[in-house]
Amino acid sequence: MAAVKALNPKAEVARAQAALAVNISAARGLQDVLRTNLGPKGTMKMLVSGAGDIKLTKDGNVLLHEMQIQHPTASLIAKVATAQDDITGDGTTSNVLIIGELLKQADLYISEGLHPRIVTEGFEAAKEKALQVLEQVKVTKEMDREILIDVARTSLRTKVHAELADVLTEAVVDSVLAIRKPGEPIDLYMVEIMEMKHKSETDTTEVNSGFFYKSAEEREKLVKAERKFIEERVNKIIELKRSVCKDTNKGFVVINQKGIDPFSLDALAKEGIIALRRAKRRNMERLTLACGGVAMNSVDDISIDCLGHAGLVYEYTLGEEKFTFIEKCNNPRSVTLLIRGPNKHTLTQIKDAIRDGLRAVKNAIEDGCVVPGAGAVEVAIADALVKHKTSIKGRAQLGVQAFADALLIIPKVLAQNSGYDPQETLVKVQAEYAESGQLVGVDLNTGEPMMAGPAGIWDNYSVKKQLLHSCTVIASNILLVDEIMRAGMSSLKG
């Protein structure tokens, strides 16, 4: 009898083999859900919320966030995978697949009587070797626009279909290159993602407000004083415009965070000054980064030095919304990516893909290196582990073998999702790698082996490194669970 039963007869307990079986089946279940999403040829999932909202996605991170996972072990794996996305921006689906496969391979040996602790020691040894191999296969090169485009394309094609990914790739790379400052970390908040579609529900409404005067004369006096005060401000702006733009065909634009009254707008318009009112604070901060210049709190200190420059300013109306475009800035430090789409779930899908693309480019620049994709790294690491196995003493060798077999889930699933036989494809790729010693992956268009690097398929080094660390730790922790107790206060009521 479980010890906890003596203390608490109502506790639910799963022990030893049963506990392991529960955990492994949970990991396998989650793996089966995400399996078909991997790679550019992966399929979509449609998520329908309680309110009937539809979300179409094959981004593992979105799926794990939106799915209601009730099983505690599956929930643990999902949290690890989403943490991987938070840190590196990619690799969620691979994470779930590798954890599931590590547990499946370990189960083969544990069912024959091998102790889970020995398997986890083998996993640890295999992880150390895998990280060494990753260091050897990484390609350090100058991160020019061409390489970054390949990295972004590899990431984006796994999230949206190829034609759309190719359109987004250049936009994503150019926006990161625009905000990049030498010697400083890249701040992706400087890339604003805006969407054009229907009216948003968050339009502000004004609360009724009143202002009372003692007499009509007092009101007149106050209005005159206010009018005079505002006119002085407007005249200062007009004077500055005349001194800057005289005898040239330059335009002058005033952007204000709070309101501008109709009289002032009219006075400014007569001088040929475009005045925009009620710009968001975030946009004001980004404007100074895009155009230069300084945001001023008062017109008293206004001078030529506080002006920024843009080549073109125009307004575009879509439905009931007006968008102001500020383009052709000389040296922008902040950019906006504008997404136009027919419906909400398309926009959401593109937005998620762009975020991942931006992170992929940022990672590549910060790592200063990339690794070949298409399953090439996994095949190379698995091959190195099989050779390394003999140098490890005792039964921990079996853990290393399990780790090597588990990593091969990535090329197998990539081939399977593209409609090819996973075993046949994997054998071809491994044979080609053994023969040539070059890093070969799976060509998803033909099912044949191909050199991933020259084909322009690059993955992030930091994503792969994080994968190896997190998958090993979580798989080891789950294997070492030999008793699951549901004995919390809430489950014992009644």
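Residues numbered from 1 in each chain as written. Predicted model: local features only at pLDDT ≥ 70, side-chain atom pairs only at ≥ 80, totals over all residues. Heavy atoms only, no water.

**Q** Can you tell me about the overall build of the protein chain, naming the residues and giving the values?
**A** Each helix and strand in the protein chain was counted, giving 17 helices and 15 strands. A total of 494 residues make up the protein chain; the buried ones form 44% of that total. For the protein chain, contacts bridging at least 24 residues in sequence account for 69% of all contacts bridging at least 6. Carbon and sulfur atoms form 52% of the exposed surface of the protein chain, whose accessible area is close to 26900 Å². (Helix = DSSP H or I, 4+ residues; strand = E, 2+ residues; numbered from the N terminus. Buried < 20%, exposed > 50% of the residue type's maximum accessible area, 1.4 Å probe, protein only. Contact = heavy atoms within 4.5 Å. Areas by Shrake-Rupley, 256 points an atom, 1.4 Å probe, with all protein chains shown as cover.)

**Q** Describe the packing of aromatic side chains, listing the residues and the values that go with them.
**A** Two numbers describe a pair of aromatic rings. These are the distance of the centres and the angle of the planes. Inspection of the entire model under this criterion finds 1 aromatic pair. Ring geometry for F123 versus F403: centroids 6.0 Å apart, planes at 65°, classification edge-to-face. Pair noted here: F123 is in helix α6 (residues 116-137) and F403 is in helix α14 (residues 396-407), with a separation of 280 residues, a long-range link. This pair shows no difference in class: F123 is buried, exactly as F403 is. (Phe/Tyr/Trp six-rings, centres within 6.5 Å; stacked < 30°, edge-to-face > 60°.)

**Q** How would you explain the nonpolar core if you had to name every residue and give the values?
**A** In terms of nonpolar packing, the biggest core is built from 76 residues, with F123 and F403 touching the most fellow members. Once residues lying within four places of it in the same chain are set aside, the contact partners of F123 are L102, A106, G399, A402, F403, T472, A475, S476 and L479. (Core = buried A, V, L, I, M, F, W, Y, C linked by side-chain atoms within 4.5 Å.)

**Q** Which residues make up the confidence of the model for the protein chain, and what values do they have?
**A** Chain-level pLDDT for the protein chain is 76 on average; 90% of the residues reach the 70-or-more range. Across residues 199-210, where pLDDT falls below 50, the model places 3 contacts with residues more than four positions away in sequence or in other chains. Here residues 489-494 is a poorly scored stretch, pLDDT under 50, and it has 6 contacts once near neighbours within four places are set aside; other chains count. (pLDDT = per-residue confidence, 0-100.)

**Q** Tell me about a nonpolar patch on the surface, and please be specific about residues and values.
**A** Residues M46, V48 and I54 make up a contiguous nonpolar surface patch of roughly 290 Å² in combined accessible area. Turning to its location among the elements, I54 is positioned in strand β3 (residues 54-57). (Patch = residues over 30% accessible without salt bridge, like charges linked within 9 Å, V, L, I, M, F, W, Y side chains within 5 Å. Salt bridge = Lys/Arg side-chain N within 4 Å of Asp/Glu carboxyl O.)

**Q** Which residues make up the sheet that holds strand β4 (residues 139-140), and what values do they have?
**A** The strands that make up a sheet are held in pairs by hydrogen bonds between backbone atoms, and each pair lies either parallel or antiparallel. The antiparallel open sheet is built from 3 strands, whose spatial order is β4-β11-β14. Edge strands, defined here as strands with exactly one partner in the open sheet, are β4 and β14 (458-460). Across 3 bridges, strand β11 (residues 369-372) lies against β14 in antiparallel orientation. Within β14, the residue paired with V370 across the bridge is N460. Each of β11 and β14 touches helix α7 (residues 145-157); the most contacted strand, β14, lies at about 80° to it. Running at roughly 60° to β14, helix α17 (residues 461-479) makes contact with β11 and β14 of the sheet. (Pairing = 2+ DSSP bridges. Axes fitted to C-alpha atoms, helices over the stretch in contact; angles between N-to-C directions.)

**Q** Please set out the pattern of salt bridges residue by residue, giving values where relevant.
**A** Under the defined criterion, the tally for this structure stands at 10 salt bridges. Among the salt bridges present, the one from E448 reaches K428, with a minimum N-O distance of 2.9 Å. Of this pair, E448 sits in the loop between β12 (440-442) and β13 (449-451) while K428 is found in helix α16 (residues 422-436), placing the two residues 20 residues apart along the sequence. Looking at K428, the relative accessible area reads 29%, which means it is partly exposed. Here K464 and D459 are joined by a salt bridge, their closest N and O atoms 3.4 Å apart. Within the structure, one salt-bridge network assembled from shared partners comprises E378, D459 and K464.

**Q** Can you explain the packing of helix α4 (residues 72-88) against helix α12 (residues 344-367)? Please cite residues and give values.
**A** The contact between α4 and α12 brings their axes to 9 Å, and the two run at 60°. Taken together, the axes of α4 and α12 are oblique relative to one another. Contacts from D85, D86, I87 and T88 of α4 reach α12 at D356, R359 and N363. Broken down by class, the residue content of the contact of α4 with α12 amounts to 1 nonpolar, 2 polar and 4 charged. (Parallel < 35°, antiparallel > 145°, perpendicular 65-115°, else oblique. Nonpolar A, V, L, I, M, F, W, Y, C, P; charged D, E, K, R; others polar.)

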